[in-house]
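Chain by chain, the residues run as shown.
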Amino acid sequence: MAGERSPLLSHGVFSVVGDDRGSPGAAERSSGDSPRKLNTFFGVMVPTILSMFSIILFLRTGFVVGHAGLLQGLLMLAVAYFIISLTILSICAISTNGAVQGGGAYFMISRSLGPEFGGSIGLMFFLAKVCACGVYVLGLVEAILDVFGQDAAVGVAEGLHVLPQGYWFSVLYSSAVLLLCLLVCLVGAHIYAKASFVIFLIVTVAVLSILISPLVVAPRQFSFMHALGPNRTIVFNTSYTGFNASTLASNLASGYSLDFSTNRVMSFSTVFAVMFTSCTGIMAGANMSGELKNPSVAIPKGTIMAVLYTLVVYVLFFFMVSSTCERLLLINEFGVFQRINVWPPFVTIGVYCASLSAAMCSMIGASRILHALALDKLFGLPLAPAAITSHSGNPWVSVLYTWALVQCTVFAGQLNVIAALVTVFYLLAYAAVDLACLALEWASAPNFRPTFQLFSWHTCLLGMLSCLVMMFVIDAVYSSASIAVLLLLLLFLHYRSPTSSWGYISQALIFHQVRKYLLMLDSRKDHVKFWRPQVLLMVANPRSSCQLIRFVNQLKKGGLFVLGHVQLGDLDMLPADPVQQQYNFWLSLVDKLGVKAFVDLTLSPSVRQGTQHLLRITGLGGMKPNTLVLGFYDNCYPEDYFLQDPAFHEGAAGGSSAAGDDFGVDLPSLQAHFPPVRHTESPRCLQPAEYVGIISDAIKMGKNVCLGRYFAQLPAELGGVGTKGDGAGLTIDAWPSDLLSAGSGGSDADVCSLFLLQMACVLNMASRWRRARLRVFLCVEAESGESGWLAREERFRELLSKLRIRAAIRIVAWDTVARRLRDVSAPPAAADETLRAVNTLLKEHSLSAAVRFLYLPCPPNNTSQSQQYLAQLDVISQGLGPTILIHGLTPVTCTEL
């Protein structure tokens, strides 16, 4: 059986998953070739802390407090951590509900929501990691230029300020940093993991130095000069006061002003977008899932501890800078911590290490997501090379892909420019994680039992809504565009219809909702106003019944449609139930024919008993068949429809299994499963008495009965898949009189006749028949005189008007036939002549119709008359073309509103 790590299946759930040891990426998936080495601290806590600190802690804490003030800054921090805390609860729940493989968040989402949603969100999350890597690289370059860059006002090198500045120089420096990250990532994630602990120690020393500096460093004055254009500079004079109550009071309220790096006035949303970038590292540990010893334990434990640690540090930093630095200093100096530190190189080294670490972590995480996408073959050839790995299991091609895209993001030139885009992408990914957990919780699947219990559907829903709201608060344009891209990816993947062994959360949710509504669908509350056909069509061999299947599909009018089949046999004499293996073939047939039908198969010693079983047990609650449809019983040898329809030819559109949507049943297998049609040497498995007995059983059980004949002659435009037509120029004929009973001429409003009219009207409402002309034939005797005809026609026209049935009424004189039917003493030969006269009458008036509805008389109680009954039906319908003989028992028409 295919496992959770299995790529998308090309032959469905009934296929054997092939040995992929020789495929690209097999080395990484093999536990022997790529052992998991990282524990909770090194694999989750350290990457998460470094990603959440990164450039924002050291270079944007003062920026946030300076513009937003302490109170709004703490509010931003509370909102951000509230959102990520809810998302962390969802991450912990999903990650403790089973084995987590490489791909981190993408793996969790795709295995929970299915390939369409998982693939689209996975690609969006990959892009978020790419943009985040660009942010960290640009922040690192900004920190480097702050120390070594030439003064913008002077424009010459002085002391350590030797690096020229400008847009293209920033891009050049960023490219060099990216190249360094690329080299490390090409060596492998284990090098980063080994170096990350050293980096963590350095960053911790830098953080401690910042916290103790106000206790040591005396107040001092600063002067800054910023270039706002080629010929314009502004000088700022401000001070560091040390811990001071007046400074704290002045920094409590917000003071949004111009950002010198982007020349834009800041607001709550733009500052929050920059600050929230520091919270985008919560999945750094989850993205390393492929290298973790025990990801189900390490991810929740390490992520929660890392988030609590970073929250404490951020709160301390907010209080410290708001109590010691004037607002102008915070707004105009991104490197304020270096200016006020007991030894500035502490901060400089911490900034460089944290930024470089976060950039490499993002590049590694993004490459692992892309590699997982490539292994799952969701996007086909464009991502196929990303599945290639080195001998050690490092996905070096996906690393190159990631590096190339990050290189494109650095052309933004400034960290603040793309901060909003990064935040929006991450919020969308977090919302998807919350949605995945919410869907699993709502589906109430028995196998969703995570060991982490500190969550509920309320936290999932609140987390998802919070993410979506903050997306639009930050940037409505980016948010709308990202959702539009997500929808396009969803449509693309849905169009490709990838088949997977992961399971589909949509199926679990549908099951949950359908069960609930089926319980609410009370058959005791049925009303004739809302009656609709619910059909059980018995199919012996689909090769000869495809046209009838498609016709009944148009006749169901949104009702239940079930294909039933009886496999002859006795379970006591068989080692296993042969029916279970057949369902997939029948479901594939339904897909191939393009009909909306269920399939119900049974094993029985006889067709009659099997049909009784299906009539009793098919459906649930209020959704049970009320109409039985059978093919006609005659001596004709059917044609093989599989040989006629292009959809069943190899190489035809939709006929190839290359698309991977056949669930293990390709076209040759489908054709081989169903036996050849009956021919001259084939014995019949159904005798006339049994066939008539099936009709009698259905009537006894209160089911309407329809017999379909000559539907192999149905025009292709009225039944074929992909054909277009609305029935223009065609006619539907309804004969509501019992043509085998002389007394039926004056009774066209009994239950059976009204049921026949209803079915003809339902067909006329179908899309392929909506412009066909409905004709109703009334059989009258000339002896009644013209006034009798007109009176009967008027009564029937009034009936049709009350029933809202638009039809043309045709009067047919059948005096000769009626007299013969009344002559009970006539010899058998005369009876045959009468039947042929009925057939001639039908041909005379209804031969040109596309389909005709005839009254089906009640079958005889005496089984010895079964052959005679079938012979009568055969004669009256001989050579007519597509014909439905109907015996209705259910009141279906209504004149009420």
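So, how was this worked out
- In this numbering scheme, every chain counts its residues from 1 along its sequence in written order.
- Where local features are concerned, this predicted model is filtered to residues with pLDDT of at least 70; where side-chain atom pairs are given and counted, the filter is 80 or more; whole-chain, interface and lining totals use all residues.
- By convention in this description, side-chain values take in all heavy atoms of the structure and omit both hydrogens and water.
- The secondary structure listing takes helices from DSSP runs of H or I that are at least 4 residues long and strands from runs of E that are at least 2 residues long, numbered from the N terminus.
- We call a residue buried when its accessible area falls under 20% of the maximum for its residue type, exposed when it is over 50%, and partly exposed in between, using a 1.4 Å probe and counting protein chains only.
- Between two residues, a contact is recorded if the distance between any of their heavy atoms is within 4.5 Å.
- Each accessible area is a Shrake-Rupley estimate made with a 1.4 Å probe; only the visible protein chains count as cover when residues are assessed.
- A patch consists of residues whose relative accessible area exceeds 30% and which take part in no salt bridge; residues with like charges are grouped when within 9 Å of each other, and nonpolar side chains (Val, Leu, Ile, Met, Phe, Trp, Tyr) when within 5 Å.
- By convention in these notes, a salt bridge is any Lys or Arg side-chain nitrogen within 4 Å of a carboxyl oxygen on Asp or Glu.
- What counts as a ring pair is set by centres within 6.5 Å for rings of Phe, Tyr and Trp (its six-membered ring), and what kind of pair is set by the plane angle: stacked under 30 degrees, edge-to-face over 60, tilted for all other angles.
- The length a helix should cover is 1.5 Å for every residue beyond the first.
- Per residue, pLDDT captures the predictor's confidence, and it can take any value from 0 to 100.
- Nonpolar cores were defined as sets of buried Ala, Val, Leu, Ile, Met, Phe, Trp, Tyr and Cys residues, with membership established by side-chain atoms within 4.5 Å.
- What counts as an axis is a line fitted to C-alpha atoms, over the stretch in contact for a helix, and the angles between N-to-C directions run from 0 to 180 degrees.
- Our angle categories are set so that under 35 degrees counts as roughly parallel, over 145 as roughly antiparallel, 65 to 115 as roughly perpendicular, and the remainder as oblique.
- By definition, any crossing whose near helix is turned counterclockwise from its far helix by less than a right angle is left-handed, and any crossing with a clockwise turn is right-handed.
- Following the grouping adopted for this structure description, the nonpolar residues are Ala, Val, Leu, Ile, Met, Phe, Trp, Tyr, Cys and Pro, the charged ones are Asp, Glu, Lys and Arg, and the polar ones are all others, Gly among them.
- Buried and open spaces are told apart on a 1 Å grid over the protein atoms alone, a cavity being a set of points where a 1.4 Å probe fits but cannot get out and a pocket being an open set with protein on both sides within 12 Å along at least five of seven lines. Residues with an atom within 4 Å of a point are the lining residues.
- Grid points are joined across faces, edges and corners, and a volume is the space filled by probe spheres set on the points.
- Two strands are said to pair when DSSP picks up at least two bridges between them.
- Polar contacts, as used here, are pairs of N or O atoms within 3.5 Å; protein pairs need one atom able to donate a hydrogen and one able to accept it. Residues neighboring in sequence count only if both atoms are side-chain atoms.

Now for the overall build of the protein chain. A tally of helices and strands in the protein chain yields 28 helices and 14 strands. Residues counted as buried form 55% of the 897 residues belonging to the protein chain. Within the protein chain, residue pairs in contact and separated by at least 24 positions form 82% of the contacts whose partners lie at least 6 positions apart. Just so you have it, the protein chain exposes about 37,800 Å², and 62% of that area is on carbon and sulfur atoms.

To continue, consider a nonpolar patch on the surface. Together, Leu179, Leu183, Leu186, Ile388, Trp396 and Leu400 make up a nonpolar patch on the protein surface, roughly 480 Å² of accessible area in all. Mapped by element, the contributors of at least two residues to the nonpolar patch are α6 (167-187) and α14 (396-409). For the nonpolar patch, the element with the most residues is α6, which contributes three residues. Along the chain, the position of isoleucine 388 falls in the loop between α13 (345-375) and α14.

Under the defined criterion, the tally for this structure stands at 26 aromatic pairs. Where phenylalanine 41 meets phenylalanine 42, the ring centres are 5.2 Å apart and the plane angle is 85 degrees; that geometry is what we call edge-to-face. You can call phenylalanine 41 partly exposed: its relative accessible area is 28%. Since its relative accessible area comes to 31%, phenylalanine 42 is described here as partly exposed. With centroids separated by 6.3 Å and ring planes inclined at 80 degrees, the aromatic side chains of phenylalanine 642 and phenylalanine 674 adopt a geometry described as edge-to-face.

Right, let's get into the pattern of salt bridges. Enumeration over the complete set of coordinates arrives at ten salt bridges. Between arginine 709 and aspartate 634 there is a salt bridge, with the nearest N and O atoms lying 3.4 Å from each other. Here aspartate 634 lies in the loop between β8 (627-631) and α22 (667-673) and arginine 709 lies in strand β9 (residues 704-709), a separation of 75 residues in the sequence. On the basis of relative accessibility, which here comes to 2%, the residue arginine 709 falls in the buried class. Of the charged contacts in the structure, one is a salt bridge between arginine 709 and aspartate 874, with a shortest N-O distance of 2.5 Å. In this pair, arginine 709 sits in strand β9 while aspartate 874 sits in helix α28 (residues 866-876), placing the two residues 165 residues apart along the sequence. Of the residues examined, aspartate 874 reaches a relative accessible area of 22% and is grouped as partly exposed. Connected through shared salt-bridge partners, Asp634, Arg709 and Asp874 make up one network.

The end-to-end C-alpha distance of α14 is 20 Å, a good match for the 20 Å that 14 residues give at a rise of 1.5 Å each. Buried within α14 are the following residues: Val397, Ser398, Val399, Thr402, Val406, Gln407 and Thr409.

Low-confidence regions, as indicated by low pLDDT, have predicted coordinates that should not be scrutinised in detail. Across the protein chain, the average pLDDT comes to 83, with 86% of residues at 70 or higher. This stretch, residues 1-34, has a pLDDT under 50; its non-local contacts, to residues over four places away or in other chains, come to 78 contacts. Below a pLDDT of 50 lies the segment residues 653-661, which in the model reaches 17 contacts outside its immediate sequence neighbourhood of four places, other chains included.

This part covers the environment of glycine 727. Along the chain, the position of glycine 727 falls in the loop between β9 and β10 (731-735). On the accessibility criterion, glycine 727 (5% relative accessible area) is buried. For the pair formed by glycine 727 and tryptophan 769, sequence separation is 42 residues and the distance between their alpha carbons is 4.4 Å. For glycine 727, the residues in contact, after removing those within four places along its chain, are Leu718, Arg768, Trp769, Arg771 and Ala772.

So, about the nonpolar core. As a rule of thumb, soluble globular proteins bury nonpolar side chains together. Counting residues in each nonpolar core, the largest one holds 162 residues, and the members touching the most others are Phe58, Ile84, Ile282 and Phe337. Those residues within four positions of phenylalanine 58 in sequence are excluded, and the remaining contacts are Val203, Ala206, Val207, Ile210, Phe334, Phe337, Val347, Gly350, Val351 and Ala354. Counting 65 residues, the second largest nonpolar core, distinct from the first, contains Phe585, Leu774, Phe796 and Leu803.

What follows deals with the packing of helix α21 (residues 607-617) against helix α23 (residues 688-700). Packing of α21 against α23 brings their axes to within 9 Å, and their N-to-C directions diverge by 20 degrees. Put simply, α21 runs roughly parallel to α23. Considering only the axes of α21 and α23, their crossing is right-handed. Where α21 abuts α23, its residues Val607, Arg608, Thr611, Gln612 and Leu615 lie against Glu690, Gly693, Ile694, Asp697 and Ala698. Across the contact of α21 with α23, the residue classes tally to four nonpolar, three polar and three charged.

To continue, consider the packing of α6 against α14. At a minimum axis separation of 10 Å, α6 and α14 run at an interaxial angle of 165 degrees. One way to sum up the angle between α6 and α14 is to call them roughly antiparallel. The interaxial crossing formed by α6 with α14 has right-handed handedness. Contacts between α6 and α14 pair Ser175, Leu178, Leu179, Leu182, Cys185 and Leu186 from the former with Trp396, Val399, Leu400, Trp403, Val406 and Gln407 from the latter. Per-class residue counts for the contact of α6 with α14 are ten nonpolar, two polar and no charged.

The next thing to look at is empty space enclosed by the protein. The final tally for this structure, using the stated rule, is one cavity of 30 Å³ or more. Looking at the largest cavity, its volume works out to about 40 Å³. As for the largest cavity, its lining consists of Asp738, Leu739, Leu740, Leu854, Tyr855, Pro857 and Ile876. Here the lining of the largest cavity is built from residues that sort into six nonpolar, no polar and one charged.

This part is about the environment of glutamine 165. With respect to the helices, strands and loops of the structure, glutamine 165 is situated in the loop between α5 (115-148) and α6. The class of glutamine 165 is partly exposed, set by a relative accessible area of 39%. With 16 residues separating them along the chain, glutamine 165 and glycine 149 place their C-alpha atoms 6.2 Å apart. Those residues in contact with glutamine 165 that lie beyond four places of it in its chain are Leu145, Gly149 and Gln150.

Turning our attention to the pairing of β10. In terms of residue burial, β10 counts as a mostly covered element, since five of its five residues are buried. Covered by surrounding structure in β10 are Thr731, Asp733 and Trp735 together with Ile732 and Ala734, the residues of both alternating faces. Across four bridges, the pairing between β10 and strand β11 (residues 773-780) is parallel. Looking at β11, one finds that alanine 734 is bridged to valine 776.

So, on to the pairing of strand β13 (residues 851-855). Of all the five residues making up β13, five are buried; the element is thus mostly covered by neighbouring parts of the structure. One ladder, built from four bridges, connects β10 with β13; its direction is parallel. Bridge assignment links tryptophan 735 to a residue of β13, and that residue is leucine 854. Where β13 lies against strand β14 (residues 883-887), four bridges are found, and the strand directions are parallel. Note that in β14 the partner of phenylalanine 853 across the bridge is isoleucine 884.

So, on to the side chain of threonine 96. The residue threonine 96 is located in the loop between α3 (61-95) and α4 (105-113) in this model. Note on threonine 96: relative accessible area 9%, which makes it buried. A polar contact is formed between the side chain of threonine 96 and the backbone oxygen of alanine 93, at a distance of 3.2 Å. Apart from the residues lying within four places of it in its own chain, the contact partners of threonine 96 are Ser296, Pro300, Pro450, Thr451 and Phe452.

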